[in-house]
Amino acid sequence: MLPALAFERPFPAGAKRGKMTPAMYPSIIMDGKTRRLSAGARIWNQNNTIDMPASLRGNNLVVNYTENAQGEIDRVWILSPEEARKPAPKPVNASQ
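Summary of the structure given here. Predicted, not measured: the structure shown is a model, and the values here were computed from it.

## A closer look at the pattern of salt bridges
Reasoning step 1: Under the definition given, this model contains six salt bridges.
Reasoning step 2: Measuring nitrogen to oxygen at the nearest pair gives 2.7 Å for the salt bridge that ties E83 to R9. Residue E83 is located in helix α1 (residues 81-85), and its partner R9 is located in the segment before β1 (16-22); the two are separated by 74 residues in the primary sequence. R9 shares its class with E83; the two are buried.
Reasoning step 3: Taking the shortest distance from any N to any O, the salt bridge between R36 and E72 comes out at 3.5 Å. Residue R36 is found in strand β3 (residues 33-44), and its partner E72 is found in the loop between β5 (61-67) and β6 (73-78); the two are separated by 36 residues along the sequence.
Reasoning step 4: Take E72: its relative accessible area is 21%, and that puts it in the partly exposed class.

## Remarks on the nonpolar core
Reasoning step 1: Judged by nonpolar contacts, M20, I28, M30, L37, I43, L56, L61, V63, Y65, I73, V76 and I78 together constitute the single largest core of 12 residues.
Reasoning step 2: Residues contacting L37, with those up to four places away along its chain left out, are Y25, P26, I28, I43, P53, E72 and I73.

## Focus: the packing of aromatic side chains
Reasoning step 1: Counted under the stated rule, the structure contains two aromatic pairs.
Reasoning step 2: Between the aromatic rings of F11 and W77, the centroid separation amounts to 5.7 Å while the plane-to-plane angle is 80°, which identifies the pairing as edge-to-face. Residue F11 is found in the segment before β1, and its partner W77 is found in strand β6; the two are separated by 66 residues along the sequence.
Reasoning step 3: Ring centres of W44 and W77 lie 5.1 Å apart, and the angle between their planes is 10°; this geometry places the pair in the stacked category. Taken together, the residues W44 in strand β3 and W77 in strand β6 connect sequence positions 33 residues apart.
Reasoning step 4: What makes W44 buried here is its relative accessible area of 15%.
Reasoning step 5: Each residue in the set F11, W44 and W77 is aromatic and connected to the rest through ring pairs, giving one cluster.

## Re the environment of A39
Reasoning step 1: If you trace the backbone, A39 turns up in strand β3.
Reasoning step 2: Sequence separation between A39 and P26 is 13 residues, and the spatial gap between their C-alpha atoms is 8.0 Å.

## Some points on the side chain of N64
Reasoning step 1: Here N64 lies in strand β5.
Reasoning step 2: Given the relative accessible area of 0%, N64 is considered buried.
Reasoning step 3: A distance of 2.7 Å separates the side chain of N64 from the side chain of R17, its partner in a polar contact.
Reasoning step 4: With near-sequence residues (within four places) excluded, N64 lies in contact with F11, A15, K16, R17, R75, V76, W77, L79 and P89.

Conventions adopted
Residues numbered from 1 in each chain as written. Predicted model: local features only at pLDDT ≥ 70, side-chain atom pairs only at ≥ 80, totals over all residues. Heavy atoms only, no water. Salt bridge = Lys/Arg side-chain N within 4 Å of Asp/Glu carboxyl O. Helix = DSSP H or I, 4+ residues; strand = E, 2+ residues; numbered from the N terminus. Buried < 20%, exposed > 50% of the residue type's maximum accessible area, 1.4 Å probe, protein only. Core = buried A, V, L, I, M, F, W, Y, C linked by side-chain atoms within 4.5 Å. Contact = heavy atoms within 4.5 Å. Phe/Tyr/Trp six-rings, centres within 6.5 Å; stacked < 30°, edge-to-face > 60°. Polar contact = N/O pair within 3.5 Å; in protein donor to acceptor, adjacent residues only side chain to side chain.

So, in structure tokens, the structure goes:
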């Protein structure tokens, strides 16, 4: 059986790269600033399974993330060291 990390995870175009530190839910610290998780936020760990915000440990975790229309963080992918070495997804051009 192949491990879950045997494939490349598809991050959406326009996902941002940052350093996340867990905080009291629904808050997180992203790049040193307190941010809010959306009500339905999902956080995928390095094994590509979903983690609950209260179970997160560590600080300055390298992540890719997306925001909803209200500016809340709605999706987070905790990156493996190999994924963190790759460039962040390309930003979406609003004019296209």
